[in-house]
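Structural features, examined
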Amino acid sequence: MARVLIIDDSPTETYKLTTMLEKNGHAVLTAPNGEEGVELAKKELPDLVLMDIVMPGLNGFQATRQLTKSPETANIPVIIVTTKDQQTDRVWGMRQGAKAYLAKPITSDVLMDAISEAMA
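Residues numbered from 1 in each chain as written. Predicted model: local features only at pLDDT ≥ 70, side-chain atom pairs only at ≥ 80, totals over all residues. Heavy atoms only, no water.

Before going further, it helps to spend a moment on helix α3 (residues 60-69). Along α3, the residues classified as buried are G60, F61, A63, T64, L67 and T68. End-on view of α3: buried residues confined to an arc of 165°, all on one side of the axis. Summarising the contacts, the buried residues of α3 are in contact with α2 (34-44), β3 (48-51), β4 (78-82) and α4 (87-95). Put simply, N59 is the residue that caps the front of α3, since its side-chain oxygen is 2.9 Å from the backbone nitrogen of F61. (Buried < 20%, exposed > 50% of the residue type's maximum accessible area, 1.4 Å probe, protein only. Helix = DSSP H or I, 4+ residues; strand = E, 2+ residues; numbered from the N terminus. Arc of directions from axis to C-beta. Contact = heavy atoms within 4.5 Å. Polar contact = N/O pair within 3.5 Å; in protein donor to acceptor, adjacent residues only side chain to side chain.)

What follows concerns the UniProt feature "domain: Response regulatory" (unreviewed entry) in the protein chain. This chain's UniProt record puts "domain: Response regulatory" (unreviewed entry) on residues 3-119. Counting secondary structure, residues 3-119 comes out at 47% helix and 20% strand; the distance between its end C-alpha atoms is 11 Å. (UniProt positions renumbered as here; feature names shortened; annotations may be inferred.)

Turning our attention to the packing of helix α1 (residues 11-23) against helix α5 (residues 108-119). One can describe the packing of α1 onto α5 by two numbers: an axis separation of 10 Å at closest approach and a directional angle of 70°. Comparing their axes, α5 and α1 come out roughly perpendicular. As for how α1 packs across α5, the hand of that crossing is right-handed. Side by side, α1 and α5 meet where L17, M20 and L21 of the first sit next to S108, L111, M112 and I115 of the second. Looking at the contact of α1 with α5 residue by residue, the class counts come to 6 nonpolar, 1 polar and no charged. (Axes fitted to C-alpha atoms, helices over the stretch in contact; angles between N-to-C directions. Parallel < 35°, antiparallel > 145°, perpendicular 65-115°, else oblique. Left-handed = near helix turned anticlockwise from the far one by under 90°. Nonpolar A, V, L, I, M, F, W, Y, C, P; charged D, E, K, R; others polar.)

Structure below.
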């Protein structure tokens with residue numbers, strides 16, 4: 001299946017997402033913040049990125065913009081997975097280049113559907 005990079009500063013959320021992904025056959029890479037996530041994405045070129053928004057330093061909107069605008073990572077779909085569920089956040093996230101925007105908490109079915117659509 002896919003190699004998925006999770007960029008999230010919450011060990012609990014990273015664990016939950018990792019468990020869902022691995023149960024569905026995906027390989028998982030993780031980064032605890034936006035800066036490390038962008039670096040790891042450029043180095044490893046995962047098939048997909050799951051991006052949190054609220055993180056110290058480079059936030060998820062900024063990291064998504066960097067990944068979707070950089071020629072080396074522009075073809076990697078980014079799905080935002082966050083607790084920020086306002087319509088303005090959704091619009092802004094999609095304007096940064098995200099393929100989907102999911103509000104936490106999410107189920108495995110919702111996540112797998114979003115991954116399938118983003119990678120299609």
